[in-house]
Amino acid sequence: MTDRVTIRALVQIDRLQPKFAAYNGATVQGSIPLAGDTILIGELAPGNEVFGLVDAALKASRVEATSQIVEREFGFFILRSPLNAEVSAARDAILARLGMEMSDRLRPVVESARIITSVEPYQAQLLNKWSSGSLLVPGRTLGVLECAPAAYVALAANEAEKAAEIDIVEVRAVGRYGRMFIAGTEAAVETAMEGSAAAVRSLDGKAAP
């Protein structure tokens, strides 16, 4: 399988933060993660490989399936458990099935990180049209982070909430690029953006081709 499958992203996130957990609860298909849970997020190519890997993880551990998506190019999944050890067992089962290690995943790249202060009302309303999380109030500060592969943006969102008191407006973790939209005071957003970008950049892996 190793000559066919690319682990575009694989990241284990512990201590799921309350707002990001609530956001996931509003957007996922399956078992709803709760604050404090550990989740495993993966993104693969070809996309259809996600079905066999999720099956192997569920058989090897007591995790629950939160999301399983195949979009135009990639497969994406989220597995959850309140027990970090169970998520580690699921991760190890996936890697064993692939004959790979964590170092075989692609290393994430922060493509863009932007802060917009005192968001104009019409801009805020446009963003609120497709927001799945907190509404963006005009006059607040908006932070937008874009990374590749897309799934790593979930780590960015959780770390942003760990770093500062912010609201999660939207997290798009499926596709070629991941995008996170957060809001709050200018100081809080600056701190959260620094923390989230640093967390993404700290992950190892192979350079994308």
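Everything below is about the structure printed above this text.
All values derive from a computational prediction rather than experimental measurement. (Residues numbered from 1 in each chain as written. Predicted model: local features only at pLDDT ≥ 70, side-chain atom pairs only at ≥ 80, totals over all residues. Heavy atoms only, no water.)

A few points about the environment of K59
- The topology assignment puts K59 in helix α2 (residues 49–60).
- Residues K59 and A90, 31 residues apart in the sequence, show an inter-C-alpha distance of 8.5 Å. (Helix = DSSP H or I, 4+ residues; strand = E, 2+ residues; numbered from the N terminus.)

Thoughts on the nonpolar core
- If you look at the biggest cluster of nonpolar residues, it comprises 37 residues, and the most contacted ones within it are F20, I41, L145, V153, I166, M180 and I182.
- At seven residues, helix α6 (residues 186–201) tops the list of elements feeding residues into this core.
- Sequence-distant contacts of F20, that is, excluding residues within four places in its chain, are made with A154, A157, N158, E161, I168 and V171.
- If you look at the next biggest cluster of nonpolar residues, it comprises 18 residues, including V5, V54, L95 and L98. (Core = buried A, V, L, I, M, F, W, Y, C linked by side-chain atoms within 4.5 Å. Buried < 20%, exposed > 50% of the residue type's maximum accessible area, 1.4 Å probe, protein only. Contact = heavy atoms within 4.5 Å.)

Section: the sheet that holds strand β6 (residues 141–148)
- A sheet is described by the order of its strands in space; here four strands give the open sequence β5-β6-β8-β7, paired in antiparallel fashion. Unpaired on one side and paired on the other, β5 (109–116) and β7 (167–172) mark the two borders of the sheet. The sheet shows a mean angle of 10 degrees between the axes of neighbouring strands, direction not considered.
- As defined by bridge partners, β5 adjoins β6 across seven bridges and the pair is classed as antiparallel. The partner of I116 across the bridge, within β6, is L142.
- The strands touched by α6 within the sheet are β5, β6 and β8 (178–184), with β6 carrying the most contacts at an inclination of about 10 degrees. (Pairing = 2+ DSSP bridges. Axes fitted to C-alpha atoms, helices over the stretch in contact; angles between N-to-C directions.)

Description of the pairing of β6
- Of all eight residues that make up β6, eight are buried, and the element is covered over most of its length.
- Residue alternation in β6 divides its side chains into two sets, T141, G143, L145 and C147 and L142, V144, E146 and A148, and both sets are buried.
- In this sheet, β8 lies alongside β6 in antiparallel orientation, the contact comprising seven bridges. The residue of β8 that forms the bridge with L145 is M180.

With respect to unusual backbone geometry
- Put simply, A45 and P46 share a cis peptide bond, and its omega is 0 degrees.
- Mapped onto the secondary structure, P46 falls in the loop between β2 (38–45) and α2.
- Backbone torsion omega between A148 and P149 reads -10 degrees, so that peptide bond is classified as cis.
- Along the chain, the position of P149 falls in the loop between β6 and α5 (153–163).
- A positive phi angle is found at R15, which is not glycine, with a value near 50 degrees.
- The backbone of S118 sits at a positive phi, close to 45 degrees, despite the residue not being glycine.

A word on the side chain of S81
- Its location among the elements puts S81 in strand β4 (residues 75–81).
- In terms of polar contacts, S81 uses its side chain to reach the backbone amide nitrogen of L83, at 3.0 Å.
- Excluding residues within four positions of it along the chain, S81 makes contact with D37, T38, R62, V63, E86 and V87. (Polar contact = N/O pair within 3.5 Å; in protein donor to acceptor, adjacent residues only side chain to side chain.)

Regarding the pattern of salt bridges
- Within this structure, the stated rule accounts for 17 salt bridges.
- When the shortest N-O distance is used, the salt bridge between E86 and R62 registers 3.4 Å. One end of the pair, E86, is in helix α3 (residues 84–98); the other, R62, is in the loop between α2 and β3 (64–70), with 24 residues separating them in the sequence.
- Overlapping salt bridges bring together K19, R140, E165 and D167 as one network. (Salt bridge = Lys/Arg side-chain N within 4 Å of Asp/Glu carboxyl O.)

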